[in-house]
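# Architecture and fold: a report
Each chain, written out:
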Amino acid sequence: MEASRHDDRADPAPPAAPDEADGSAPDVCREPADFYAAAGRDSVGRFCRRFLDENALTATELLHHPRHQISLSNTATFVAILTQAERAMERPGGQKGALTPLVNEIARLTRERLKENPPPDFLPDAYPGTAAELLSNGGFLGRFLLDAAITQHIATGRNFAEKAESLLELAATTEHPDALVPLERLLGEIMLSDAGTASCARDAPFVTLIDLIVTLIAADRSMPDDAPPVFRRLDTLMRRVPMPALREALTAAFRREMAKPACFTIASAGDMFGIEAVQREILALSDLSARLRDREGNYAGGARTEAALQRRTALLVNEDTVPEITRGRNFMQKLRILFVLQKMPLSPTAAKAVTDYLKSFFDSRDFAGRLLDCWKDRNEKLKGLAEVQRMVQSSAFPEEEREYLAGQMDDIQNAFLRTQRVLAPLIQAKDDPPADAVLDIVRLAGEGAFCSGKSRLAVARVLYRHCHRPRFVRHVLLNAPGSKERAARAGWLRQSLAMVGVPFIDLAAQRVLVVDDEDGPRAFVTSVLRELGIGQVDTAVDGQDALQRFQADGAAYDLIVCDWMMPRLSGLDLLKHVRETRSDLPFLMVTALATLEAVKKALAHQVSGYIAKPFTPDQLEEKVFLVLAQKGIGE
C-alpha cells in the first residue's frame, strides 16, 4: 500500500455511489487510527470503490490485510486515488502528498500487528469464544485483531455473496453485542457497494431488488420464499437482534438504487402516451413511501431518503403533468390517484399543484353528481362516499380544510339517504321491520359505508332502536344452529354496530338476578329471560335473600329484576344498598304501584327502569333490552 509507485497521470477514481457523493466532505484523517473509525472506513470505501468492487472487498478487509493493501498500491489509479482524497478532504495547508506518509504507516502497522498477533483460524461454532479472546486484548488492538481474524475467515469467499454467507453463519452463533458489531459493519459495507448488493441479490431485477431491500428496512412483511439466501438470512438476523448500522447501510443502498434510471413499470403496447406506465410508477413509489415511514411519518434514513423519493417523483409529477396523470380514469379513480399523490414526498411546487387540482374537484358544481355516477348500485354509492370521506380525513389538507371537506361528504351522503329512502322502511315501520332489512343496514355499517357526522348518527339511531328488539335477536342469535355459530354472529353484530357507535349486548354472556317473594311471578320472569337467551338466571325469594347474594358476588351480576313490595326487605331498600357499591348496575323495578309518587322514589335512587304488573313477555323483553342498552351506551 506504499504510495510511491505511480504518477498522477493515472485514470481518476470512478464516480461515487449517490450516498457517497452527497456533497458532504469526508472527515480529515490525521492519524492511522482515524482510518479505522466509521467515518474513515466510509472514506476508504468511497475513494477505493472501483478497486474494492473489482476484487469483491470491503474497506474493513483492505485495512486489515497486507496482501490487499499491496494489491491496491500496485494499481494504476492508486496515486490518483490519493490525490482525489486529499482534494476532497481539504487538508489544512494543502501540502501535496500529505496522505502518503499516513498510508505507508497504515501498511507498516498492519504488517507489524499481524506478525505479533497472527489471526487464528476458527470454525463458525468457535466464533463467540474467539471473539471474546481477541477482544480481551482491550481497546483498539482488540478490535483490530478481531476484524483481522474475520477478514481472514471470509477470505476464501469468491464474491460478496459468499462472504456475506460466511458472516451470517458467524452471526447465527452469537447474540453478544461486541461479537456482532464487526459482523454488522462488514455486512453493511457489502450492502453499501453496488456490486455487493447485486451479488447478494443474485443480480435481481430493479423492482425485485428494491422490494428485497425495503422488506429488510421496514420489516413490514415476510421475506419471499424465493428470495436469495443472503436476503432470507439477513431478514432472520435483523428480526432476531437490532441492527441499526446495517439498517442504515440498507437505506443508503435503497437511495443509491433509486437514483438509477430503471423504472418500476414498462409501458404497454396500447399505452400510446405512457400515461398508464406513469400512473403505475407513481403507485409503486407511493407504496414504497408508505412502507419506509414510521407511525410518526418519519422516513427510515431521514431527510436523505425523503429527498431520494422526491427526486424520483419530481420527474413524474409537476404542474404540467398532474392532469395528464389522471387522464383516462373515471371520477373516483382520479380522486384516489390524487390522494395517493398528495401523500407522496413531493417538492413544494408539485405538492401545491396536486392539492390545487384535487381541491378543484371538490369545488366543482357537479361534484356530487359526477361522484355518484361512478357506481350503479345503491350500496356501492354509499360505500364510495364514505371512502372519499376517509381519504379526506387522512389527507395532507390543513386540518380546517379536512373538516370542511369531510362535512361536505357527510352532507352529500345524508341527502342521498333521505332522497333514496334508505332508512325509511326502518324508521316508519309500525311493527318490527323484517330482520333481513335491519341486517342489510348492519352489513353496510360493518363495511364502513357511512360517513361520520349526520349520516352515521341517523344510521346509529335506527340500528340502536331495532337491533335490541327481541324478535331481531331471536332471528339472528337464538336461531343459530349451535353455540359457536351464535358466538360468531354475536361477535359480528358487535363489531359491525361499533362502526357506527352502537353498543350490542350479548345476552348469552349476561347474568341476571330475579327477586320476587311470590313463586309464580318469579318463575314467569325467569322463564321469559331464559327464553330470551340470558346466559345465567339466579333467583332470590325476597329482598334480604337478594342482598345476601349481591353482597357475596355483586360484581358478577349484569342486571337485577326486582319486585317492589316484599317482606323483610323491599325492592326500594334493596336498590339503595345496591347503589352504595354498584351505581352502574342496571336495576329494573317490577311494581303494581306505578304511581307518580312511587316512580319519583325509585328515580331518586337511580333506578334504571320500571315495569308495571301485569305485563306480557314482549313488554318485559323490551324493558330488559332498554336498561341493558343504556348501560352499554354509558360504557
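For the structure itself, consult the block above.
Reading the values: rules and limits
- Residues numbered from 1 in each chain as written.
- Predicted model: local features only at pLDDT ≥ 70, side-chain atom pairs only at ≥ 80, totals over all residues.
- Heavy atoms only, no water.
- Helix = DSSP H or I, 4+ residues; strand = E, 2+ residues; numbered from the N terminus.
- Rg over C-alpha atoms; globule rule 2.2 N^0.38 Å.
- Buried < 20%, exposed > 50% of the residue type's maximum accessible area, 1.4 Å probe, protein only.
- Contact = heavy atoms within 4.5 Å.
- Areas by Shrake-Rupley, 256 points an atom, 1.4 Å probe, with all protein chains shown as cover.
- Polar contact = N/O pair within 3.5 Å; in protein donor to acceptor, adjacent residues only side chain to side chain.
- Core = buried A, V, L, I, M, F, W, Y, C linked by side-chain atoms within 4.5 Å.
- Phe/Tyr/Trp six-rings, centres within 6.5 Å; stacked < 30°, edge-to-face > 60°.
- Lys NZ or Arg CZ within 6 Å of the ring centre and 35° of its normal.
- Pairing = 2+ DSSP bridges.
- Axes fitted to C-alpha atoms, helices over the stretch in contact; angles between N-to-C directions.
- Salt bridge = Lys/Arg side-chain N within 4 Å of Asp/Glu carboxyl O.
- Expected span 1.5 Å × (residues − 1).
- Parallel < 35°, antiparallel > 145°, perpendicular 65-115°, else oblique.
- Nonpolar A, V, L, I, M, F, W, Y, C, P; charged D, E, K, R; others polar.
- Right-handed = clockwise from strand over helix to strand, strands pointing away.

Another aspect to go through is the overall build of the chain. Secondary structure summary: the chain contains 32 helices and five strands in total. Here the C-alpha atoms of the chain give a radius of gyration of 37 Å, more than 25% beyond the 26 Å that 2.2 N^0.38 yields for 635 residues. Taking the principal axes of the C-alpha coordinates as reference, the chain spans close to 115 × 65 × 45 Å. By residue count, 50% of the 635 residues in the chain fall in the buried class. Summarising the internal contacts of the chain: among those between residues at least 6 apart in sequence, 68% fall at separations of at least 24. Of the roughly 30300 Å² that the chain leaves accessible, carbon and sulfur atoms contribute 51%.

The omega torsion across Lys 613 and Pro 614 is -10°, close enough to zero to call that bond cis. Along the polypeptide, Pro 614 turns up in the loop between strand E5 (609-612) and helix H32 (617-634). Its identity as a non-glycine residue notwithstanding, Asp 203 has a phi of 55°, on the positive side. With respect to the helices, strands and loops of the structure, Asp 203 is situated in the loop between helix H11 (194-200) and helix H12 (206-218).

Our next topic: the side chain of Lys 163. Tracing the sequence through the fold places Lys 163 in helix H9 (residues 160-171). Look at Lys 163 and you get buried, because its relative accessible area is 4%. At 2.6 Å, the side chain of Lys 163 forms a polar contact with the backbone oxygen of Ala 56. Excluding residues that lie within four positions of it along the chain, Lys 163 makes contacts with Ala 56, Leu 57, Glu 61, Ile 154, Gly 157 and Ile 190.

With 167 residues, the main nonpolar core has Phe 231, Phe 254, Val 317, Phe 362, Leu 371 and Leu 463 as its most contacted residues. Sequence-distant contacts of Leu 371, that is, excluding residues within four places in its chain, are made with Phe 331, Met 332, Leu 335, Leu 385, Val 388 and Met 409. One finds Ala 540, Cys 562, Trp 564 and Leu 574 within the second-largest nonpolar core, a separate group that totals 21 residues.

This paragraph deals with the packing of aromatic side chains. One pair of aromatic rings is described through two measures. These are the centre distance and the angle between the planes. Applying the stated rule across the entire model yields 10 aromatic pairs. With centroids separated by 6.1 Å and ring planes inclined at 35°, the aromatic side chains of Phe 140 and Phe 144 adopt a geometry described as tilted. One end of the pair, Phe 140, and the other, Phe 144, are both in helix H8 (residues 139-153), four residues apart, so they sit about a helical turn from each other. With relative accessibility at 28%, the residue Phe 140 sits in the partly exposed group. A relative accessible area of 2% places Phe 144 in the buried class. Taken together, the ring pairs in this structure connect Phe 331, Phe 339, Tyr 357, Phe 361, Phe 362 and Phe 367 into an aromatic cluster. Of note, Arg 113 hangs over the ring of Phe 144, and the distance from its end group to the ring centre comes to 5.0 Å. In this arrangement the basic side chain of Lys 623 is found over the ring face of Tyr 610, its NZ or CZ atom lying 5.7 Å from the centre.

The next point concerns the sheet that holds strand E1 (residues 511-515). Read across the sheet, five strands follow the order E2-E1-E3-E4-E5 without closing on themselves; strand pairing throughout is parallel. Single-partner strands in this sheet number two, and they are strand E2 (536-540) and E5. When strand polarity is set aside, the average angle formed by the axes of neighbouring strands in this sheet is 20°. Helix-sheet contacts for helix H28 (residues 519-532) involve E1, E2 and strand E3 (559-563), and the interaxial angle to E2 is about 170°.

Within the fold, Arg 41 resides in helix H1 (residues 38-47). Between the C-alpha atom of Arg 41 and that of Thr 321, which follows or precedes it by 280 residues, the distance is 43 Å. The residues touching Arg 41, leaving out its near neighbours within four places in the chain, are Phe 35, Tyr 36, Ala 59, Thr 60, Leu 63, His 64, Asp 147, Arg 185 and Glu 189.

Applying the stated criterion to the full structure yields 39 salt bridges. With a shortest N-O distance of 3.0 Å, Asp 194 and Lys 260 are connected by a salt bridge. One end of the pair, Asp 194, is in helix H11; the other, Lys 260, is in the loop between helix H14 (244-258) and helix H15 (275-291), with 66 residues separating them in the sequence. Among the residues examined, Asp 194 registers a relative accessible area of 30% and is labelled partly exposed. Between Asp 411 and Lys 454 there is a salt bridge; the shortest N-O distance is 2.7 Å. Of this pair, Asp 411 sits in helix H22 (residues 399-419) while Lys 454 is found in helix H25 (residues 454-466), placing the two residues 43 residues apart along the sequence. Taking the relative accessible area as the measure of exposure, Asp 411 reaches 38% and is therefore partly exposed. Each of the salt bridges in this network shares a partner with another, and the network as a whole consists of Asp 194, Arg 256, Glu 257 and Lys 260.

Turning our attention to helix H18 (residues 331-342). Helix length check: H18 (12 residues) gives 17 Å between terminal C-alpha atoms against 16 Å at 1.5 Å per residue, within 8%. With respect to burial, H18 is a largely interior element, nine of its 12 residues being buried. Every buried residue belonging to H18 is among Phe 331, Met 332, Lys 334, Leu 335, Ile 337, Leu 338, Phe 339, Leu 341 and Gln 342, and all of these are buried. Where H18 starts, the residue carrying a side-chain oxygen 3.1 Å from the main-chain nitrogen of Met 332 turns out to be Asn 330.

Between helix H7 (residues 127-135) and helix H10 (residues 177-192), whose axes approach to 9 Å, the crossing angle comes to 95°. Considering the angle they form, H7 stands roughly perpendicular to H10. Seen from H7, the contacting residues are Tyr 127, Ala 131 and Leu 135; seen from H10, they are Asp 178, Ala 179, Pro 182 and Leu 183. Along the lines of polarity and charge, the residues of the contact of H7 with H10 split into six nonpolar, no polar and one charged.

Let us now look at the pairing of E3. Most of E3 sits inside the fold, with five of its five residues counted as buried. Along E3, one buried face is formed by Leu 559, Val 561 and Asp 563 and the opposite face, lined by Ile 560 and Cys 562, is buried too. Sheet analysis places E1 next to E3, joined by four bridges and oriented parallel. Within E3, the residue paired with Leu 513 across the bridge is Ile 560. Across four bridges, the pairing between E3 and strand E4 (residues 587-591) is parallel. Paired with Asp 563 across the strands is Val 590, a residue of E4. After leaving E3, the chain enters helix H30 (residues 571-581) and then returns to the sheet as E4, a path that is right-handed.

Moving on to the environment of Ala 149. Counting through the fold element by element, Ala 149 comes out in helix H8. Accessibility expressed as a relative area gives 1% for Ala 149, which makes it buried. For the pair Ala 149 and Pro 120, spaced 29 residues apart in sequence, the C-alpha separation works out to 6.3 Å. Setting aside residues no more than four positions away along its own chain, Ala 149 makes contact with Pro 119, Pro 120, Phe 122 and Leu 134.

Geometry only, nothing functional implied.
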